[in-house]
Amino acid sequence: MGSQSDWQTMRHAAETLDALGVAHDDRIISAHRTPDRLVEFSKTARDSGFKVVIAGAGGAAHLPGMCAAMTSLPVLGVPVESKALSGQDSLLSIVQMPGGIPVGTLAIGKAGAINAALLAVAILALNDAALADRLDAWRAAQTARVAESPSDDV
Ligand code: RP5
């Protein structure tokens, strides 16, 4: 993520990966404030053993796109909700990549962070039957929690 301030959003990705038993390495890497850190991470990510990158950033959110420019690993972008423009700036910064360098862009905020984790798991599960079973079980449990009628007590 681009800043400590993104953690309140991105922690939902981390928690979702925890729930599915997928290891993750949570880092602050700012495209603007720590550009050398971004280059070092992105260029060595594959050789370091990473399989998928989830990059969350807000505002002028160049982190996912610049990371994707320097690695051919799948990069999933999470637009963090910004104060000034409610994350629409983040979304448009991340989603409008030029043809040739893809970033899989998720929804703004918490939903996007959760779904980035689930999409990363789905990618990893292509070659991991046990993980695919855990993902199916997670989804089944989610389905089971949906009541058929609304309650006044919630
Ligand atoms: C971006 O700027 C970060 O991803 C963050 O969402 C936003 C604001 O960062 P802080 O000023 O809160 O550190 O680089």
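Residues numbered from 1 in each chain as written. Predicted model: local features only at pLDDT ≥ 70, side-chain atom pairs only at ≥ 80, totals over all residues. Heavy atoms only, no water.

Peer 1: Quick question: what am I supposed to make of the UniProt feature "binding site: substrate" (unreviewed entry) in the protein chain here?
Peer 2: What UniProt calls "binding site: substrate" (unreviewed entry) maps, in this numbering, to Ser3, Asp6 and Arg33. Spanning 31 residues, the named residues nonetheless gather at one spot, since no C-alpha pair among them exceeds 14.2 Å. Structurally, Ser3 is set in the segment before α1 (7–19). Residue contacts for Ser3: discarding those within four places in its chain leaves Ile28 and Arg33. Relative to the assigned elements, Asp6 resides in the segment before α1. Here Asp6 is in contact with Met1, Gly56, Ala57, Gly58 and Val80, once residues within four sequence places are set aside. Within polar-contact distance, the side chain of Asp6 engages the backbone nitrogen of Gly2 at 3.0 Å. (UniProt positions renumbered as here; feature names shortened; annotations may be inferred. Helix = DSSP H or I, 4+ residues; strand = E, 2+ residues; numbered from the N terminus. Contact = heavy atoms within 4.5 Å. Polar contact = N/O pair within 3.5 Å; in protein donor to acceptor, adjacent residues only side chain to side chain.)

Peer 1: Would you take a moment to explain the nonpolar core for this structure?
Peer 2: In a soluble, globular protein the nonpolar side chains are often hidden away together inside. Met10, Leu20, Val22, Leu76 and Val121 are the most contacted members of the largest nonpolar core, which totals 20 residues. Contributing elements (two or more residues each) for this core: α1, β2 (75–80), α5 (110–124) and α6 (129–144). Sort the elements by how many residues they give to this core and α5 lands first, with six residues. Contacts of Met10, omitting those with residues within four sequence positions, involve Met1, Ile54, Gly56, Val78, Val80 and Ala113. Counting 17 residues, the second-largest nonpolar core is a separate cluster that includes Phe41, Phe50, Ala57 and Ala68. (Core = buried A, V, L, I, M, F, W, Y, C linked by side-chain atoms within 4.5 Å. Buried < 20%, exposed > 50% of the residue type's maximum accessible area, 1.4 Å probe, protein only.)

Peer 1: Whenever I open this one, the side chain of Thr71 confuses me. Can you help?
Peer 2: Inspection of the secondary structure assignment puts Thr71 in the loop between α3 (63–70) and β2. On the accessibility criterion, Thr71 (11% relative accessible area) is buried. Only 3.1 Å separates the side chain of Thr71 from the backbone nitrogen of Leu73, close enough to count as a polar contact.

Peer 1: Sorry if this is basic, but what is going on with the sheet that holds strand β1 (residues 53–58) here?
Peer 2: Sheet strands pair via backbone hydrogen bonds, and the direction of the pair is either parallel or antiparallel. Here three strands make up an open sheet; going across it, the order is β1-β2-β3 and the pairing parallel. Two strands lie at the open edges of the sheet, namely β1 and β3 (104–105), each paired on one side alone. Note that β1 and β2 share six bridges and pair parallel. Bridge pairing in β2 links Ala57 to Pro79. (Pairing = 2+ DSSP bridges.)

Peer 1: Looking at this structure, how should I read the packing of α1 against α5?
Peer 2: The packing of two helices is summarised by the inter-axis angle and the distance between the axes. One can describe the packing of α1 onto α5 by two numbers: an axis separation of 7 Å at closest approach and a directional angle of 35 degrees. Taken as a pair, α1 and α5 cross one another with a handedness that is right-handed. On the side of α1, the interface is formed by Thr9, Met10, His12, Ala13, Thr16 and Leu17, while α5 contributes Lys110, Ala113, Ile114, Ala117, Leu118 and Val121. Taken together, the residues that form the contact of α1 with α5 break down as eight nonpolar, three polar and one charged. (Axes fitted to C-alpha atoms, helices over the stretch in contact; angles between N-to-C directions. Left-handed = near helix turned anticlockwise from the far one by under 90°. Nonpolar A, V, L, I, M, F, W, Y, C, P; charged D, E, K, R; others polar.)

Peer 1: Help me understand the site of the ligand, please; the structure alone is not making it clear to me.
Peer 2: In the region of the ligand, the neighbouring residues are Gly2, Ser3, Ser5, Asp6, Arg33, Ala57 and Gly58. In this structure, Asp6 approaches the ligand through a side-chain N or O atom, which is 2.6 Å from an oxygen atom. Computed on the free molecule, the ligand has an accessible area of 370 Å², of which 66% lies beneath the protein chains in the complex. Each residue belonging to the shell around the ligand can be placed in one class, and the counts come to one nonpolar, four polar and two charged. (Near = heavy atom within 4 Å. Areas by Shrake-Rupley, 256 points an atom, 1.4 Å probe, with all protein chains shown as cover.)

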